[in-house]
Every structure is written in structure tokens, then in C-alpha cells.
Amino acid sequence: MTGTSDNNNKSNDSMTDEKYLTLKKCTLFSILPEAVLQQCLVNTKFKHYENGETIYDVGDVPDYVFLVKKGFVRLEIPLPEGEAFFVGPIPETALFGDHEALTNAQSIARTSAMEAVSVLLIPRSNFVHLFNTEIQFVQALAKQLAMTSRFTCMAMAHLFKQSVENKLASLLLVLAHTKGVQKGERQKNSIKLSINLSQDQLAEMLSTSRQTVNKYLGTWKAKGWICYHQSELEILNYDALKTLTSSEVMEEMDALKNLLRG
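Calculation criteria
Residues numbered from 1 in each chain as written. Predicted model: local features only at pLDDT ≥ 70, side-chain atom pairs only at ≥ 80, totals over all residues. Heavy atoms only, no water. Helix = DSSP H or I, 4+ residues; strand = E, 2+ residues; numbered from the N terminus. Buried < 20%, exposed > 50% of the residue type's maximum accessible area, 1.4 Å probe, protein only. Contact = heavy atoms within 4.5 Å. Areas by Shrake-Rupley, 256 points an atom, 1.4 Å probe, with all protein chains shown as cover. Polar contact = N/O pair within 3.5 Å; in protein donor to acceptor, adjacent residues only side chain to side chain. Core = buried A, V, L, I, M, F, W, Y, C linked by side-chain atoms within 4.5 Å. Salt bridge = Lys/Arg side-chain N within 4 Å of Asp/Glu carboxyl O. Phe/Tyr/Trp six-rings, centres within 6.5 Å; stacked < 30°, edge-to-face > 60°. Lys NZ or Arg CZ within 6 Å of the ring centre and 35° of its normal.

So, about the overall build of the protein. For the protein, the count of helices and strands is eleven helices and twelve strands. Out of the 262 residues belonging to the protein, those deemed buried represent 46%. Of the contacts formed within the protein by residues at least 6 apart in sequence, a portion of 72% connects residues at least 24 apart. Within the structure as shown, the protein displays about 13300 Å² of accessible surface, and the carbon and sulfur contribution to it stands at 49%.

Here it is in C-alpha cells:
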């Protein structure tokens, strides 16, 4: 009986340590004192979502704020025409659902897993308490929210001015920033995406056809800009793809990336 109890205690301690490390990897929480972090862990839990599974939808008021431990979350805003604007991928160690937590308002966005995803669920009450008591946390959060909103507004403005080719290039560069690993296998400084994406998935993100995505990927592959095979994508010429994107969006992307990753 004692042995079983000891094993359970070790398992609980291990889970608590895992939650603590997940919080510490997030820039917002890494600045907080130890005692505050431990308080924030109360009633937190991990949850797993399968590829394509909705995390929360338009109209929901989530009971939690979500911190990505592993995987890649899709954030999109449905448009009146029945399409959806792909805001961008939410990377590991990033937070989402914070807008809804602070305003207690219904979400205008939809979030879903684009691969197998593990998320730390932080009770909304814990998050609001931090906001009300920790000035350092409030300052860091305000800066991040302002930068995220700025990037989203700029991306939406450019959405209506860009061709599908421009939008696809921008999307690949966003993915390179958030899910890219420098490999240099086929070419020096090449970037391989650590998530597999089919042409259907890419087309869905951009509200276009698979045939259109296939045309541009084929053109870029022939030029030696990318390598794409069985949903695996490697960017061989990052600078070439950048010529198809807005310099303003790229600058904002760099700033947002640095802010999220500290």
C-alpha cells in the first residue's frame, strides 16, 4: 500500500514539474517570482488535441487560457462570405485565449490543432488574478497584446492587396519563423518545416484551390526555392520567397517572433 502511495506521489510531482517547466518556457511567465508561478499552477491541467480538433470556436467564452506545450495551433477569423482569414500559426510556448479571459467576451476567432497538440490549460481566474496583482506581468502582456494586434491588423490589410502567390509565400515564411528548423541538408541555411502540410491544408488556409497551390509550389520547386515532397517542405532560398512578400509584414513578423520567444 505504501509503495503504491509513493508511486502516486512521484507521478504527481513529475506532472507538477512538467507544468512548471512549461510555464517557465513562456516569456510572460518566466519573469514571475517562484511563489507566484506556483500559485498560478493551481488547478492547471494538460490537454491533448488531435489534428483538426477544435480547441474553442467563435462565440465561445473559454474557461481557460491556453499555453502551447507541443505542436502547432491554427488561429483564424471567419469572414462573412463563408471563408476564413488565417491569422497565423500559434507556436510552442505561446499563449492564446488571453483576450477572451481579460474581457470575458465571446471569441471572434476559431482555434484548432493542425497536428497533435498538447496544451496547458490555465484557469481564467488564475490569469485574471495575475493581471490584477503583478505589474511586471501586466506590462509584458500589454506589450505582447499590442504587438500581436498590430501584426494582425497589418496582415489583414495586406491580405486584400496580395495575390495568392504573395499570400502563399508569406504563409511559408510565417511557418518558417514558427515551425522551421535550420537543416542545411540540401542547401546551406535551408529551413525545414517541422510540421507536414498537405496542399489541401495550405489551400484551405488561403481560401484558394489545391490546383493553385500546386502551381506555385511547382514553380518554386523548379526554381530551386523550395523542396516539397509528400507534405514535407524545406525552404531552400528564403530570400527569394521574401521578394514576394511585404517588407512591412516581414519586419512585424520578426518583432513578434522576438517578443514571443524572448
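Here S30 lies in helix α2 (residues 27-30). Classification of S30 by relative accessible area gives partly exposed; the value is 30%. Measuring from C-alpha to C-alpha, the distance between S30 and F137 comes to 9.6 Å, with 107 residues separating the pair along the chain. Setting aside its immediate chain neighbours within four residues, S30 contacts L23 and K24. Engagement of the side chain of S30 in a polar contact is seen with the backbone oxygen of T27, the distance being 2.9 Å.

Moving on, we come to unusual backbone geometry. Even without being a glycine, T93 presents a positive backbone phi close to 75°. Note that T93 resides in the loop between β5 (84-90) and β6 (95-96). Residue class for T93 comes out partly exposed when judged on its relative accessible area of 22%.

Of all eight residues making up helix α8 (residues 199-206), six are buried, and the element is well covered by its neighbours. Taken together, the buried positions of α8 are occupied by Q199, Q201, L202, A203, M205 and L206. Where α8 ends, the next residue or the one after it, S207, has phi of about 55°, a positive value.

Within the largest apolar cluster, 31 residues are counted, with the highest numbers of intra-cluster contacts made by L168, L172, L217, W220, I235 and L241. Of all the elements in the fold, those that place two or more residues in this core are α7 (164-179), β10 (191-193), α8, α9 (210-222), β11 (226-229), β12 (232-235) and α10 (238-242). Examining the composition of this core, we find that seven residues originate from one element, α7, more than from any other. Setting aside residues no more than four positions away along its own chain, L168 makes contact with L206, V213, Y216, L217 and W220. L28, L37, L41 and F137 belong to the second largest nonpolar core, which has 21 residues in total.

Turning our attention to the pattern of salt bridges. Close approach of charged atoms allows side chains of opposite charge to pair. As enumerated under the stated definition, the model contains six salt bridges in all. Ionic pairing is found between R110 and E76, a salt bridge with its closest N-O pair at 2.9 Å. Here R110 is found in strand β7 (residues 110-113), whereas its partner E76 is found in strand β4 (residues 73-78), with 34 residues between them in sequence. Judged by its relative accessible area of 25%, R110 falls in the partly exposed class. A single network of salt bridges, built from pairs that share partners, joins D57, R74, E76 and R110.

Further remarks concern the packing of aromatic side chains. Going through the model one piece at a time under the given rule, you end up with six aromatic pairs. Aromatic side chains F29 and F137 sit 5.6 Å apart centroid to centroid with 45° between the ring planes, which places their arrangement in the tilted category. Of this pair, F29 sits in helix α2 while F137 is found in helix α6 (residues 135-159), placing the two residues 108 residues apart along the sequence. Here F29 falls in the buried class, since its relative accessible area comes to 0%. Owing to a relative accessible area of 0%, F137 belongs among the buried residues under this scheme. Judged by centre distance (5.5 Å) and plane angle (35°), the rings of Y56 and F66 are tilted. You can see Y56 sitting in strand β2 (residues 54-56) and its partner F66 sitting in strand β3 (residues 64-70), a full ten residues away along the chain. Assigned by exposure class, Y56 and F66 land together as buried. The rings of F29, F127 and F137 are connected pair by pair, giving a single aromatic cluster. Just above the ring of F46 sits the side chain of K69; from NZ or CZ to the centre is 5.8 Å.

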